[in-house]
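Single-letter residue listing:
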Amino acid sequence: MELLTANNVWMMICTGLVFFMHLGFTFLESGMTQKKNTVNILFKNFFVITMGLLVYAAGGFNLMYPGDFGIIDGWLGFAGAGLDPGVDYDQLTYADGGYTYWTDFLFQGMFAATAATIVSGAVAERIKLGAFMLYAFLLLVFVYPIVGSWQWGGGKFSTFTEDVGFYDFAGSTLVHSVGGWAALVAIIFLGARVGRFGSDGKPNAIPGHNLPLSAAGVLILWLGWFGFNGGSVLSADPALTSYVLVTTSIAAATGGIVAFVVAASAYKNYDVTMFMNGILGGLVGITAGADLMSIWDSILVGGIGGAVVVGAIAFMDKQKLDDPVGAIAVHLFAGIWGTLAVGVFGDLAGFDQFMVQLACVGIAGVFCVVSCTIIGFITSAIFGGMRVTKEDEIAGLDGVEHGMAAYAD
Amino acid sequence: MELLTANNVWMMICTGLVFFMHLGFTFLESGMTQKKNTVNILFKNFFVITMGLLVYAAGGFNLMYPGDFGIIDGWLGFAGAGLDPGVDYDQLTYADGGYTYWTDFLFQGMFAATAATIVSGAVAERIKLGAFMLYAFLLLVFVYPIVGSWQWGGGKFSTFTEDVGFYDFAGSTLVHSVGGWAALVAIIFLGARVGRFGSDGKPNAIPGHNLPLSAAGVLILWLGWFGFNGGSVLSADPALTSYVLVTTSIAAATGGIVAFVVAASAYKNYDVTMFMNGILGGLVGITAGADLMSIWDSILVGGIGGAVVVGAIAFMDKQKLDDPVGAIAVHLFAGIWGTLAVGVFGDLAGFDQFMVQLACVGIAGVFCVVSCTIIGFITSAIFGGMRVTKEDEIAGLDGVEHGMAAYAD
Amino acid sequence: MELLTANNVWMMICTGLVFFMHLGFTFLESGMTQKKNTVNILFKNFFVITMGLLVYAAGGFNLMYPGDFGIIDGWLGFAGAGLDPGVDYDQLTYADGGYTYWTDFLFQGMFAATAATIVSGAVAERIKLGAFMLYAFLLLVFVYPIVGSWQWGGGKFSTFTEDVGFYDFAGSTLVHSVGGWAALVAIIFLGARVGRFGSDGKPNAIPGHNLPLSAAGVLILWLGWFGFNGGSVLSADPALTSYVLVTTSIAAATGGIVAFVVAASAYKNYDVTMFMNGILGGLVGITAGADLMSIWDSILVGGIGGAVVVGAIAFMDKQKLDDPVGAIAVHLFAGIWGTLAVGVFGDLAGFDQFMVQLACVGIAGVFCVVSCTIIGFITSAIFGGMRVTKEDEIAGLDGVEHGMAAYAD
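As the structure is a prediction and not an experimental result, all values here were calculated from the model.

Structural notes on the overall build of chain A
Inference 1: Counting its secondary structure elements, chain A contains 13 helices and two strands.
Inference 2: Seen along its three principal axes, the alpha-carbon backbone of chain A occupies a region of about 60 × 45 × 40 Å.
Inference 3: With 409 residues in all, chain A has 66% of them scored as buried.
Inference 4: For chain A, the share of sequence-separated contacts (at least 6 apart) that also reach a separation of at least 24 residues comes to 78%.

This is how it looks when you write it as structure tokens:
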């Protein structure tokens, strides 16, 4: 009982920290976009966390953790609508005394909402509010919990071959790249913001309106990752939780420093947004194997994560893909890197593991792209396109959709 | 000993989270008011938390928890000035091993300061700084701890009839509506801001100057409520604490969504401030019975809480009552709703319980209105009115009271 | 095992809270300086936390806690590069079951980065970015861990005389005044900002550009101090941790109120920045003896700490020493006060203790000033002076060093 109490306290704290990441995302996204779309961004972020929790309670949790209620064995199951610990529920045995049913739901629910928030950043400044709400809703109803069930729900990924299962400690793939794929599909539907790429194809930076808020967002996200990764131990095991906090922080630090150095070498100035996205790239990168990596591994995984983000931002620019906050570079590219890194560094490194990681990254990617494309077509059909008019975009979404401004005198 | 340690860790965390709510209130209030009064708002918030803790240490704690030191049985008692766990103090038996004397004091002290902060928001932009300081001081010295003693101090509310006691889990009435009544009385003394209502009586919105800060405030308050409600379990009991976090979050989410939908239906735009106040309405609403409600009950209590706030804001406008941040709609109206809801939904629902809830809401309300009116007259007498001159109000309080501006280049 | 788990949970939370202080410092410093240097400030803060953790992992931790690996007995030792709990590592006995090796490292690493952040604030708006990075790097490589080793690493301070050891509970001297001395030396190298002192020697205030962020920083720092002081108990001992949170909060509250009252008496207005720095002065002051002081002692130590800060700010102005955020007044002056206060108030008060406190404050001060002066000369030599050109300073560092602005439309 004492141990359950201590474990559960830790898991509740981690739940709170992952909730707090929503302020991190809100700050990051608000600060990196234009003043005239700020109310819109705040609204989307409130929608994601509120709708996300309710949808996850209504069905997402039981779709992601179907238990014995399989529909297509290992690929789809559903334990029924609503929340119910069941008549046999015993908190002492639930999750081996690591936490209670209710902690489990809330911790996982905060994760679910995170995936949708990633989309919010990438589609900012040009999506119709209604279209975003529907897209995010369908993502959380179907895509996120189904992919999650393949691994964390005990599905096919978790025992991918006879000998080797997929490994994704806290969700480089299951959370971050799912959100990243959904974001990528959405921005292809939307196209780039007006003026983002010149007629010669050259990118024009559209500077963020409030970098202190973005910086605060990054520090809050780092803190939130203590819960995201630290809570993914699923108990308060002293050695493992504290070790995971160390690898997480080392990777974040290295990712940031590598990103600013790489960017300074390439672009000849000290770009604080690269520093920030590098920290996030290190965090996303370490997430798949935070419990497997040595300190040196963490430095490499985080550092390469930071470099991946800098490269991915340049790559996105070349492809004329417009992601105002760098969400796809951070969550999709560094998410893929971190997942593959489990096969390259750390306790499970090996050719077979690498191939399983690669295969599951691929399967998850194909499923996300296909299902999000379908969701994109549905959303477009219902709303007559996902994008606001050029006039509305230039005027700013705050006036058009909300009839108010974020800043006044 | 191990269990005390784990319980006490949880209670200290909750104490920290309730402290953190003061940043939430500071952000919320700063962002929803005008630039020219921002320093004043920051100052008031620092005053409330610092003075609040010291006053509570000096006497508030022992007035709220008089123990055997009754003066008027069940209505007033005082265990003496200052803090002293006593010679018989044994941390293993104090609060049944749920936490220590010191944790108890600090957790309750953070609550006390919260009640005064509610006033700060409602009276913003026109109150004399000295008048506010005196009003808040007298509120915390007399009103808050005395009302609190009636229930949490083991007074008359806690055993209201022979069979049925008042129920207010974490303070929908004892904290939120006490602050709300005090705010209501204060704004009646003050009157509406210049220009807030036209000569035809129609309300003119005075837009807030920094909505990202307000949005951050709401998310911080939601997180803080994990401590406010989660800590009101008064131990780290795994099932109860985690369940309370779930009902709290579900009510917050539902309150927000209902409020924005109701407001969008009524006013034809997506008002992010309604979304925000709806979340807060859901949180205040669930606070009285967060441990009693089923998931469905939480959805109803929180959702109605959100709707109550939208309605109350319109009602206040009709009455020409000017509350810049919606504090009275959120804390008083949703606080009353949440307290009554204990008689309608959840484990204690029933006619007798409802009548007890109603009676105690009424008694607390009458006491607050009468005592705050007396405090208002005293304050007005000392300061020659509570309100700054029209010229000073138009110029802004930052220059007049503080000789400085919140923003420079 | 259960107790280790609960202890370790508390220590991990405290680690997170001390990490969160970096957002507090970032907000405080950004808000109190000019708009045109904001990106620069954000960059410096990201550099300090990322570099700080990596340097501390690479060697700082083992320089500060050398164990048996002495070089100069009691004054210098080094347990080797990198992190390694060793083959005999047993988490149940490490730190008497208070926490694990990894928690220990991360908690101490967050402290180390804090010391460098203090410098960042004082040197803002005129230091070359490269020079700051080198200065902070050398500070964290050599100065901070060596001074720390004298007390927390079991060196000479800890057994200063046969009967009396130096006492510095959570680092009024070892963290705050070390950072403060380093900041003082750096601003003497740099000189005051252009226009800070008139040709008649009179100080001109250069107002901060965003006081709500600064206010948020102060509240976040206060919360962070729950971890800074609460974690310095080095276990979750219920009585001691909760008592320390109470003395810490009481001192913060008193420091703030005394500072604003003193400043209002002297300058005839309600200066919110004095309120804020007074809170910080109370916090720094109580840090050396948070576990030793009675409630009354805490009120005196915190209150005097607040007054010391107001006086020190005036003193710095008189000396034409320019510290944009008041970091030296808070961390050095209140740090010295708090350390000496251990000999005046609380459980250890006495003449011998006072003299030991004074001697160690002096030795630490001399060492910091000498070593930071050497670091300053090295840095100046490498970068051709630590200060940017007058033109660059007037233009602002954001454009010059970073090619970007913190705020756009």
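Still to come is the rest of the account.
A closer look at the interface of chain B and chain C
Inference 1: At the interface, 46 residues of chain B touch 41 residues of chain C.
Inference 2: The dominant element in the side of chain B that touches chain C, judged by the number of residues it contributes, is helix α1 (residues 2-31) of chain B, at 17 residues.
Inference 3: Of the residues contributing to the side of chain B that touches chain C, the split by class is 28 nonpolar, 15 polar and three charged.

Some details on the relation of the copies chain B and chain C
Inference 1: Here chain B sits on chain C after a turn of 120° about the axis and a move of 0.0 Å along it, with an RMSD of 0.0 Å. Taken together, the rotation and translation describe the operation of a three-fold axis. Relative to the rotation axis, the closest C-alpha in chain B is found at A6 of chain B, a distance of 3.1 Å.
Inference 2: A distinct binding surface is used by each copy, with only 9% of the interface residues of chain B retained as interface residues in chain C.

Points about the packing of helix α3 (residues 101-122) of chain A against helix α7 (residues 238-267) of chain B
Inference 1: Where α3 of chain A contacts α7 of chain B, the axes come no closer than 8 Å and their chain directions differ by 40°. One element, α3 of chain A, and the other, α7 of chain B, form an angle in the oblique class. In the crossing of α3 of chain A with α7 of chain B, the sense of the turn from one axis to the other is left-handed. Here W102, T103, F105 and L106 of chain A of α3 of chain A come into contact with α7 of chain B, specifically with S242, Y243, L245, V246 and S249 of chain B.

A word on helix α7 (residues 238-267) of chain C
Residues and elements named next belong to chain C.
Inference 1: Taking 1.5 Å of rise per residue, the 30 residues of α7 would be expected to cover 44 Å, and the 43 Å separating its terminal C-alpha atoms lies within 8% of that figure.
Inference 2: A large share of α7 lies buried, amounting to 22 of its 30 residues.
Inference 3: At the C-terminal side of α7, K268 shows a positive phi close to 60°.

Re the packing of helix α6 (residues 211-230) of chain B against helix α8 (residues 272-287) of chain B
Residue and element names in this part refer to chain B.
Inference 1: Between α6 and α8, the least distance of the axes is 10 Å, while the angle of their chain directions is 15°. Between α6 and α8, the interaxial angle falls into the category roughly parallel. The two elements α6 and α8 cross, and the hand of that crossing is left-handed. Every residue of α8 that contacts α6 at L211, S214, A215, V218, L221, W222, W225 and N229 is listed here: V272, M276, I279, L280, L283 and T287.
Inference 2: Residues that form the contact of α6 with α8 fall into these classes: eleven nonpolar, three polar and no charged.

Here we look at helix α6 (residues 211-230) of chain A
Residues and elements named next belong to chain A.
Inference 1: Taking 1.5 Å as the rise per residue, α6 with 20 residues should run 28 Å; its terminal C-alpha atoms sit 28 Å apart, in good agreement.
Inference 2: Its axis deflected by about 30° at G224, α6 carries its strongest bend there.
Inference 3: Counting buried residues along α6, 20 of its 20 residues qualify, which places the element largely inside the surrounding structure.

Focus: the interface of chain C and chain A
Inference 1: The interface is formed by 46 residues belonging to chain C together with 41 residues belonging to chain A.
Inference 2: Elements supplying a minimum of two residues to the side of chain C that touches chain A: α1 (2-31), α2 (38-64), α3 (101-122) and α13 (397-402) of chain C.
Inference 3: Among the elements that make up the side of chain C that touches chain A, the one with the highest residue count is α1 of chain C (17 residues).
Inference 4: In terms of residue class, the side of chain C that touches chain A is made up of 28 nonpolar, 15 polar and three charged.

A closer look at the relation of the copies chain C and chain A
Inference 1: You can overlay chain C on chain A at an RMSD of 0.0 Å; the transform is a turn of 120° with a shift of 0.0 Å along its axis.
Inference 2: Little of the interface of chain C is mirrored in chain A: 9% of its interface residues are interface residues there too.

Examining unusual backbone geometry
Inference 1: Positive phi, normally seen in glycine, also occurs at E125 of chain A, with a value near 80°.
Inference 2: Positive phi, close to 50°, is recorded for D96 of chain B, a residue that is not glycine.
Inference 3: Tracing the chain through its elements places D96 of chain B in the loop between β2 (76-77) and α3 (101-122).
Inference 4: Judged by the 11 C-beta atoms lying within 10 Å of it, D96 of chain B is exposed.

Some words on the environment of D237 of chain B
Residue and element names in this part refer to chain B.
Inference 1: If you trace the backbone, D237 turns up in the loop between α6 and α7.
Inference 2: Judged by the 19 C-beta atoms lying within 10 Å of it, D237 falls in the partly exposed class.
Inference 3: Considering only alpha carbons, one finds D237 and A6, 231 residues apart in sequence, at a separation of 9.6 Å.

Re the environment of Y65 of chain C
Inference 1: Note on placement: Y65 of chain C falls in the loop between α2 and β1 (70-72).
Inference 2: Exposure remark for Y65 of chain C: the 20 C-beta atoms within 10 Å place this residue in the buried category.

Points about the confidence of the model for chain A
Inference 1: Put simply, chain A has an average pLDDT of 96, and 100% of its residues get 70 or more.
Inference 2: Two numbers describe this predicted complex: its pTM, 0.98, and its ipTM, 0.98.

Some points on the environment of L174 of chain B
Residue and element names in this part refer to chain B.
Inference 1: Mapping L174 onto the fold places it in helix α5 (residues 172-190).
Inference 2: Spatially, the C-alpha atom of L174 lies 9.1 Å from that of V361, the residues being 187 residues apart in sequence.
Inference 3: Among residues more than four places away in sequence, those in contact with L174 are V147, G148, Q151, W152 and D168.

Rules behind the numbers
- Residues numbered from 1 in each chain as written.
- Chains lettered and ligands numbered in written order.
- Predicted model: local features only at pLDDT ≥ 70, side-chain atom pairs only at ≥ 80, totals over all residues.
- Helix = DSSP H or I, 4+ residues; strand = E, 2+ residues; numbered from the N terminus.
- Buried ≥ 20, exposed ≤ 12 C-beta atoms within 10 Å, placed from the backbone.
- Contact = placed C-beta atoms within 7 Å.
- Nonpolar A, V, L, I, M, F, W, Y, C, P; charged D, E, K, R; others polar.
- Least-squares fit on C-alpha atoms with pLDDT ≥ 70 in both.
- Axes fitted to C-alpha atoms, helices over the stretch in contact; angles between N-to-C directions.
- Parallel < 35°, antiparallel > 145°, perpendicular 65-115°, else oblique.
- Left-handed = near helix turned anticlockwise from the far one by under 90°.
- Expected span 1.5 Å × (residues − 1).
- Bend = angle between axes of the 7 residues up to and from the residue.
- pLDDT = per-residue confidence, 0-100.

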